[in-house]
Amino acid sequence: MPHIKNNAELQNAITYAKEYVSAGTANMIPLRVGEATQTIDTERAAVKLYWEAYETIGCPAINTWDDLIDVLKQMKEVYPENDKGDPTYGARLFANDGSYFYSIYNWYVVNGVDVNDLPYFVECNAVTESFDYILDDDSLYKEGLKFFNKMYREGLVDPDSMTSTRAQQQAMVTAGAALAGWAGAPGWEQYGYYPVYIGESVSLRNETGYPFGSSGYLAISAATENVEACLKLLDMFANPDDLITISCGPKGELWDVDDSGKGYVTDKGYRYWTHGDTVKIKGEEFVLFNTQYLLNTGAMTSYGIPWSVGGCWELVEYNASTDLFASWKETYPGYSGFREMLLDKDQFVNEPFHANASQFAAETDDARKLIMNAAKAEIVTASWKMIYAKTDAEFEQLWDAAVAKCEEAGIKAVYEWRVAELEKAMTTRDEFLK
């Protein structure tokens with residue numbers, strides 16, 4: 001397997017899997033090792049407004065979160081409903097939660113906080129480089145709930161959010177019935193939503209790559225009848241030049257190589273990736289073979305482009321070349337995209353202090369999981385009530401009651417255990433990566 005053997009990142013990831021995952025036996029190989037492709041914006045780590053309505057009110061500057069609420073109110077005045085008659089809202093939240101109150105996601109990542117340890121009630125703040133407790137009275141969690149409560153009292157939160165599903169709200173966002181996208185129902189550029197600059201925000205998007213993999217492992221069954229074929233397949237999954245063919249079709253169709261050897265996206269590829277055109281290759285419809293490989297999407301081919309052509313800058317620029325994006329660039333002159341602007345203003349954390357440390361942390365035992373589940377159920381219910389609170393006094397009463405019940409369940413001890421584990425894990429990570 002020459003491509004696996006000669007890839008230092010993969011060899012490092014295999015060593016990690018052997019020492020920390022598979023009890024000293026190298027019987028698994030990690031998936032999606034290395035860097036992902038970089039995009040022109042920051043994906044979900046942004047507040048994206050329905051740009052046509054924002055443009056109608058003159059694209060006023062937004063320096064604070066209160067400014068954002070004022071802007072959303074103005075947008076609703078000029079754009080109260082979409083062309084189907086659906087009312088527009090500044091936030092269309094939904095009730096589908098995983099291991100934490102998911103509607104808080106965007107608030108966190110545009111304030112520089114990683115959400116992955118919220119199940120432990122830990123705010124991993126990449127700005128202050130600290131592990132904070134979400135139930136502290138000055139926590140960003142409480143501040144975020146206050147923000148959505150202000151929006152609700154201004155008529156900007158869909159009153160049916162608590163009983164809506166993610167699919168329902170995403171459909172409303174896609175249909176232009178939202179003034180901004182949030183959490184799992186974000187506004188994407190193809191539906192008219194573009195990121196807005198907020199003066200006091202700091203976006204967080206981990207771009208450090210995944211030196212230990214990011215989406216599981218592959219293993220060969222002991223019962224396989226053709227080990228050699230399995231090994232060849234694994235090595236293909238470690239070869240960017242094979243991966244571009246597997247995932248993007250053969251050279252000369254959706255992508256090609258110019259006289260200098262540089263890869264590019266063809267006109268057929270542009271139509272396929274940006275407009276969803278049906279493409280036939282040798283008489284058969286091309287269907288994306290969408291699986292996970294050993295290399296992450298940023299691994300470069302010998303043609304000078306990533307194997308995942310969706311990360312090719314030419315394609316990204318093509319996706320962004322719309323009248324609305326032209327308006328965006330007029331609003332923020334001198335920048336080719338949102339990511340570039342935030343980096344220039346030092347308001348983008350793309351290498352958080354705790355990146356990849358959790359993979360060295362101890363597993364949570366069943367007793368702590370029971371506490372986490374009980375506390376999560378309590379805080380999620382209370383969070384909805386706080387968003388819908390009619391007065392500040394009601395909000396504070398609900399907050400105090402939720403804190404008391406969660407701490408009675410034992411969540412503070414879980415938080416303290418997790419922070420200690422993360423701190424130890426960062427030391428182990430640093431020693432491993434020396």
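Quick note: structure is the one above.
Here the structure is a predicted model, which means the values were calculated and not measured.

**Some details on the overall build of the protein**
Counting secondary structure elements, the protein contains 16 helices and 14 strands. What you see for the protein is a C-alpha radius of gyration of 24 Å, in line with the 22 Å of a compact globule of 434 residues. If one aligns the C-alpha atoms of the protein with their principal axes, the spans along those axes are about 70 × 55 × 40 Å. Here the protein holds 434 residues, and the buried ones make up 50% of them. A sequence separation of at least 24 residues applies to 73% of the contacts in the protein between residues at least 6 apart.

**Thoughts on the environment of Arg166**
Assignment of secondary structure puts Arg166 in helix α7 (residues 166-174). Residues Arg166 and Phe94, spaced 72 residues apart in sequence, show a C-alpha to C-alpha distance of 5.5 Å. Leave out the neighbours within four places in its chain, and Arg166 touches Arg44, Phe94, Asn96, Tyr102 and Gly184.

**As for empty space enclosed by the protein**
Scanning the model with the defined rule gives two cavities of 30 Å³ or more in all. Taken as a whole, the largest cavity spans an internal volume of roughly 60 Å³. Around the largest cavity sit Ser99, Tyr100, Phe101, Ile104, Leu118, Pro119, Phe121, Ile134, Tyr141, Lys376 and Ile379, which together line it. Of the residues contributing to the lining of the largest cavity, the split by class is nine nonpolar, one polar and one charged. Its boundaries defined by the atoms lining it, the second largest cavity holds a volume of some 40 Å³. For the second largest cavity, the full set of lining residues is Ala46, Val47, Val110, Val196, Ile198, Ser201, Ser203 and Phe338.

**Some words on the pairing of strand β5 (residues 130-133)**
For strand β4 (residues 122-125) and β5, the ladder comprises four bridges, and the chain directions are antiparallel. Bridge pairing in β5 places Glu123 opposite Asp132. Hairpin connection, β4 to β5: the antiparallel pair is bridged by four residues, and Glu129 has positive phi, about 50°.

**What to know about the sheet that holds strand β3 (residues 113-114)**
Taken together, the three strands give an open sheet; going across it, the order is β3-β4-β5, and neighbouring strands pair in antiparallel fashion. Each end of this open sheet is capped by a strand with a single partner; those strands are β3 and β5. Bridge analysis of β3 against β4 gives two bridges, and the strand direction is antiparallel. When the bridges of β4 are listed, Val113 appears paired with Asn125.

**Structural notes on the nonpolar core**
Of all hydrophobic cores here, the largest spans 100 residues; its most connected members are Leu49 and Tyr54. Considering each element in turn, this core owes the most residues, nine residues, to helix α16 (residues 411-432). Setting aside chain neighbours within four positions, we find Leu49 in contact with Tyr54, Ile62, Leu68, Val71, Leu72, Met75, Leu179, Ala180, Gly192, Tyr193, Tyr194 and Val196. Counting residues in hydrophobic clusters, the runner-up holds 25 residues, among them Ile14, Phe237, Ala238 and Trp307.

**Considerations on unusual backbone geometry**
Backbone geometry follows two general trends: most residues other than glycine have a negative phi, and most peptide bonds adopt the trans configuration. Phi is positive for Glu129, close to 50°, though the residue is something other than glycine. Its place among the elements puts Glu129 in the loop between β4 and β5. Residue classification places Glu129 among the exposed positions, given a relative accessible area of 54%. In this structure, Asp346 is a non-glycine residue whose phi angle is positive, near 60°. Note on placement: Asp346 falls in the loop between α13 (338-344) and β14 (348-349).

**Some thoughts on the pattern of salt bridges**
All told, the structure shown has 15 salt bridges when counted by the stated rule. With a closest N to O distance of 2.6 Å, Lys142 and Asp137 form a salt bridge. Classification of Lys142 by relative accessible area gives buried; the value is 2%. Judged by relative accessible area, which is 55%, Asp137 ranks as exposed.

**Quick look at the sheet that holds strand β7 (residues 193-195)**
Spatially, the three strands line up as an open sheet ordered β6-β2-β7, and their pairing is antiparallel. Both edges of this open sheet fall to β6 (180-181) and β7, since each of them pairs with a single strand only. Examined bridge by bridge, strand β2 (residues 48-50) and β7 share three bridges and lie antiparallel to one another. Within the sheet, the bridge partner assigned to Tyr50 lies in β7 and is Tyr193. The sheet contacts of helix α4 (residues 65-78) involve β2 and β6, and relative to β2 the element is tilted by about 20°.

**Here's the deal with the side chain of Ser203**
Position of Ser203 relative to the elements: it lies in strand β8 (residues 203-204). A distance of 2.9 Å separates a polar atom in the side chain of Ser203 from the backbone oxygen of Ala45. The residues touching Ser203, leaving out its near neighbours within four places in the chain, are Ala45, Val109, Val110, Phe338, Leu342, Gln347, Phe348 and Val349.

**Considerations on the packing of helix α14 (residues 366-387) against helix α15 (residues 392-409)**
Between two packed helices, both the angle of their axes relative to each other and the distance between the axes serve to describe the pair. Where α14 meets α15, the closest approach of the two axes is 9 Å, and the angle between their N-to-C directions is 175°. On the basis of their axis angle, the class for α14 and α15 is roughly antiparallel. Along the contact surface, α14 presents Ile371, Ala375, Glu378, Ile379, Ala382, Lys385 and Met386, while α15 presents Phe395, Leu398, Trp399, Ala402, Lys405, Cys406 and Ala409. A class-by-class count of the residues in the contact of α14 with α15 yields eleven nonpolar, no polar and three charged.

**Here we look at the packing of aromatic side chains**
The tally for this structure, following the rule as stated, stands at 36 aromatic pairs. Their ring planes at 50° and their centres at 5.6 Å tell us that Tyr102 and Tyr105 sit as a pair that is tilted. Note on Tyr102: relative accessible area 16%, which makes it buried. By relative accessible area, which is 17% here, Tyr105 ends up buried. Centroid distance Phe131 to Phe353: 5.1 Å. Interplanar angle 40°. Geometry classified as tilted.

**Some points on a nonpolar patch on the surface**
A cluster of nonpolar side chains, contributed by Tyr20, Val21 and Tyr217, occupies part of the molecular surface with about 240 Å² of accessible area. Structurally, Tyr20 is set in helix α2 (residues 8-21).

What counts as what
- Within any chain, residue numbers begin from 1 and follow the written order of that chain's sequence.
- Local features are withheld for residues below a pLDDT of 70 in this predicted model, meaning they are given only at 70 or higher, and side-chain atom pairs are given and counted only at 80 or more; totals for whole chains, interfaces and linings count all residues.
- Side-chain descriptors were evaluated using all non-hydrogen atoms of the structure, hydrogens and water having been removed beforehand.
- Strands are runs of DSSP state E lasting at least two residues, helices are runs of H or I lasting at least four, and both sets are numbered from the N terminus onward.
- The reference for a compact globule is 2.2 Å times residues^0.38; the radius of gyration itself is calculated from the C-alpha atoms.
- The rule is simple: take the accessible area with a 1.4 Å probe, protein chains only, and divide by the maximum for that residue type; under 20% is buried, over 50% is exposed, in between is partly exposed.
- Two residues qualify as a contact provided that any one of their heavy atoms is within 4.5 Å of a heavy atom in the partner residue.
- Only protein atoms enter the calculation, which uses a 1 Å grid: trapped sets of points that fit a 1.4 Å probe without letting it out are cavities, open sets showing protein on both sides within 12 Å along at least five of seven lines are pockets, and any residue with an atom within 4 Å of a point is a lining residue.
- Grid points are joined across faces, edges and corners, and a volume is the space filled by probe spheres set on the points.
- Residues are sorted three ways: Asp, Glu, Lys and Arg are charged, Ala, Val, Leu, Ile, Met, Phe, Trp, Tyr, Cys and Pro are nonpolar, and all the rest, Gly among them, are polar.
- By definition, two strands form a pair when at least two bridges between them are found by DSSP.
- What makes a nonpolar core is a set of buried Ala, Val, Leu, Ile, Met, Phe, Trp, Tyr and Cys residues whose side-chain atoms join them at distances within 4.5 Å.
- Salt bridge criterion: a side-chain nitrogen from Lys or Arg within 4 Å of a carboxyl oxygen from Asp or Glu.
- In this analysis an axis means a line fitted to C-alpha atoms, helices contributing only their contacting stretch, and an angle means the value between N-to-C directions, from 0 to 180 degrees.
- Two N or O atoms count as a polar contact when they lie within 3.5 Å, although within protein this holds only if one can serve as hydrogen donor and the other as acceptor, and sequence-adjacent residues are included solely when both atoms are side-chain atoms.
- Angle categories: roughly parallel below 35 degrees, roughly antiparallel above 145, roughly perpendicular from 65 to 115, and oblique for all the rest.
- For this analysis, a ring pair means two rings from Phe, Tyr or Trp (six-membered ring only for Trp) whose centres lie within 6.5 Å, classed as stacked if their planes differ by under 30 degrees, edge-to-face if by over 60, and tilted for the remaining angles.
- Patches here: salt-bridge-free residues with over 30% relative accessible area, like charges joined within 9 Å, nonpolar side chains (Val, Leu, Ile, Met, Phe, Trp, Tyr) joined within 5 Å.
- Only the protein chains shown count as covering a residue, and every accessible area follows the Shrake-Rupley method with a 1.4 Å probe.

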